[in-house]
Amino acid sequence: MQRFHQYIKDVKSGKEVAGKLIKLAIERHERDMLREDLYFDEAKAQTVIKLIEFIRHWKGKEFANKRLVLEPFQVFYFASVFGWYNKESKLRRFRQSYLEMARKNGKTSMAAGGTIAHLLLDNETGAQAYFVATKEEQARIGFEDTQKFIKQTPEISKLFEHFAKSSIYKFSSVKPLGSNSKAQDGFDPSWGVVDEYHAHKTAGMLNILESGMGARLEPLINIITTAGFDQYSACYNLRKVCVDILEGRKEDDTMFALIYALDDTDDWKDEKCWKKANPNLKVSVKYDFIKNRINQAINEGGTKEVDVKTKNLNVWTDASETWISHEIMERNYKTNTENLDGQRCYAGLDLAKGVDINALVLYFPDSGDVLPYFWIPENKLKNNRDMVDYSMWKNKGMIFTTPGDIVDQTYISKFINECANKYNIVGMAYDRYIAYNGLVQDLIGEGFTRMSPIGQGFVSMSEPSKSLETALTEGKLRIDNDVLKWMFGNVVLSFDSAGNIKPDRKKSTKKIDGVVALVMAYAEFMTSETAGGGSIYDTVLTDYSI
């Protein structure tokens, strides 16, 4: 435990390079030492650490067959998870732990060591430990690593029986578990490892673990991950909760959080901050490797930069080819406070068939306000394959539903007419592919403002996309809608040989309908505002491909 206390001192003094969130975890530990309802059992923590350091590595020229030697940050992690108890119940305090750091910092060894310690030291008769992933094949990776650690340590291996999908110790076991695993008889988990949670599209498997632990006195779920690309994922949502706990906005005595990440003000190219995301730098993470990766990112930019930031510096980014970054969107994420009644605006209408999202976006050039509206069929809330919480957005009034299995566009028609009575809609752009859609034909027949069909190729979409990007970069828009913000994070661009761009529905694996509608509204605005009333397409895009 000397390393435990020294790590705390070194982080506080600055001798150990650590980010803000690690310093907050240290502060939380010291505050909790003063509480009367909790206690820290150093003896139990030390027993766990001594067992883990008895295990032998099974791979790597440098480490194979050598005992594990925990680094100070790993000692702090295990001591915290296994050492904190409630005074009244005498039970372990934490029910979940969230550990986030860059790749190659020893996550596999930590997952294996913690699992073995649980099976051998927690005195949980009939313990059930699981490595969890969306697919059993993925879950087997962590399970098989743990099995090999056990086999590499003869004194421990002799206590276990090993099978293809399980290792058994007395009445206890460790197994892989995926959503496609066959039903487990007597599923009653006492320990779970969710490795690389950022890759999970939903919280489904985590919820399965949680719901199965009701009969256990000291269950623990260990979420170990590197940053990902999706800031609307289940993992990032849990990360936000952990940050709120560390920063004091929320309370949860059952969650332990340790996040090794750069601070917001850090320059990712500065080597002085690399250790913040790589606590095992110069041990399992080779300095020259990181330096070479950073140089590649600086030289190549684009997807290489995103990959290096995410995997090697633990920076949450948007999709690898995302158009508008999360940081830029935050500049425009402002509450709509101005009264827009009677103000001029331009509309973009993106209609879809069947169960897909229908979008109407109004752009008010005088104030920069963007008002997006979305419709989905009611039954999509029950049969949702888009991996987002439409019910939450519906409850917030950010998305509407129509009865049945497909969107009833009569609701949209009524809404558009209500908007026309409220705002001065100068013109509305729509996808020319749907020119014969009944709703569009009705609006045209009714003489509804100026209706402009727009193609979805480079000719029509590039200039408004570029102008929209400039406005967003400069923070000139006012967007107060999580659905549209999510969609911006989903956009992947296509480029032609002349450097023209367009949001690409095929490359963008998630929904971007609201973004397309906004680009069309922006195109309508640009066309209308062109001097002499001519089209913007008369003077640009002389070299393009469709």
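Keep in mind that what you see is a predicted model, and the values were worked out from it rather than measured.

Peer 1: Can you walk me through empty space enclosed by the protein in this structure?
Peer 2: It is the rolling of a water-molecule-sized probe over the atoms that shows where space remains empty. Scanning all chains against the criterion turns up 3 cavities of 30 Å³ or more. For the largest cavity, the calculated volume is near 80 Å³. When residues of the lining of the largest cavity are traced back to their parent elements, those giving at least two are helix H2 (20-32), helix H4 (72-83) and strand E10 (255-259). A total of 4 residues in the lining of the largest cavity trace back to one element, the largest contributor, which is H2. Considered as a void within the structure, the second largest cavity measures approximately 60 Å³ in volume. Lining the second largest cavity, in full, are Tyr-77, Phe-78, Val-81, Phe-82, Met-110, Ala-111, Gly-114, Thr-115, Trp-191, Val-193, Asn-222 and Ile-224. Taken together, the residues that form the lining of the second largest cavity break down as 9 nonpolar, 3 polar and no charged.

Peer 1: What is the right way to read a positive patch on the surface from this model?
Peer 2: A cluster of basic side chains, namely Lys-59, Arg-103, Lys-104, Lys-148 and Lys-151, defines a positive patch on the protein surface. The topology assignment puts Lys-148 in helix H6 (residues 136-152).

Peer 1: Explanation requested: the pairing of strand E8 (residues 191-195) in the structure shown.
Peer 2: The two faces of a sheet get side chains in turn, since along a regular strand they alternate between them. For E8, a buried count of 4 out of 5 residues is recorded, marking the element as mostly surrounded by other parts of the structure. By the bridge criterion, 4 bridges tie strand E4 (residues 128-132) to E8 in an arrangement that is parallel. Bridge pairing in E8 places Ala-129 opposite Trp-191. Relative to strand E9 (residues 220-225), E8 is paired through 5 bridges, and the arrangement is parallel. Counted as the bridge partner of Val-194 is Ile-223 from E9. Viewed along the sheet, the connection from E8 through helix H8 (residues 204-212) into E9 turns out right-handed.

Peer 1: It is not clear to me how unusual backbone geometry should be interpreted in this structure. Could you clarify?
Peer 2: For residues that are not glycine, phi is negative in most cases, and the peptide bond is trans in most cases. Not every positive phi belongs to a glycine, and Asn-65 is a case in point at roughly 70°. Tracing the sequence through the fold places Asn-65 in the loop between helix H3 (42-52) and H4. Asn-65 gets classed as partly exposed once you look at its relative accessible area, which sits at 41%. If you check the backbone angles, Glu-196 has positive phi at about 50° while not being a glycine. Considering the arrangement of structural elements, one finds Glu-196 in the loop between E8 and H8.

Peer 1: Please explain the pattern of salt bridges as it appears in this structure.
Peer 2: Oppositely charged side chains can form a pair if their charged atoms are brought close together. Evaluated as defined, the whole model comprises 37 salt bridges. When the shortest N-O distance is used, the salt bridge between Glu-247 and Lys-20 registers 2.8 Å. In this pair, Glu-247 sits in the loop between helix H9 (234-246) and E10 while Lys-20 sits in helix H2, placing the two residues 227 residues apart along the sequence. Given a relative accessible area of 43%, Lys-20 falls into the partly exposed group. For Arg-67, the salt bridge is made with Glu-155, and the minimal N-O distance between the two is 3.8 Å. One end of the pair, Arg-67, is in the loop between H3 and H4; the other, Glu-155, is in helix H7 (residues 154-157), with 88 residues separating them in the sequence. Taking relative accessible area as the criterion, Arg-67 reaches 27% and is therefore assigned partly exposed. Of the residues examined, Glu-155 reaches a relative accessible area of 34% and is grouped as partly exposed. Three or more residues joined by partner-sharing salt bridges are found here, namely Lys-20, Asp-244, Glu-247, Arg-249 and Lys-250.

What counts, and at which threshold
Residues numbered from 1 in each chain as written. Predicted model: local features only at pLDDT ≥ 70, side-chain atom pairs only at ≥ 80, totals over all residues. Heavy atoms only, no water. 1 Å grid on protein atoms, 1.4 Å probe; cavity = no way out; pocket = protein on both sides within 12 Å on 5 of 7 lines; lining within 4 Å. Points joined across faces, edges and corners; volume = space filled by probe spheres on them. Helix = DSSP H or I, 4+ residues; strand = E, 2+ residues; numbered from the N terminus. Nonpolar A, V, L, I, M, F, W, Y, C, P; charged D, E, K, R; others polar. Patch = residues over 30% accessible without salt bridge, like charges linked within 9 Å, V, L, I, M, F, W, Y side chains within 5 Å. Areas by Shrake-Rupley, 256 points an atom, 1.4 Å probe, with all protein chains shown as cover. Salt bridge = Lys/Arg side-chain N within 4 Å of Asp/Glu carboxyl O. Lys, Arg positive; Asp, Glu negative; His and termini not counted. Charge placed at Lys NZ, Arg CZ, Asp CG, Glu CD. Buried < 20%, exposed > 50% of the residue type's maximum accessible area, 1.4 Å probe, protein only. Pairing = 2+ DSSP bridges. Right-handed = clockwise from strand over helix to strand, strands pointing away.

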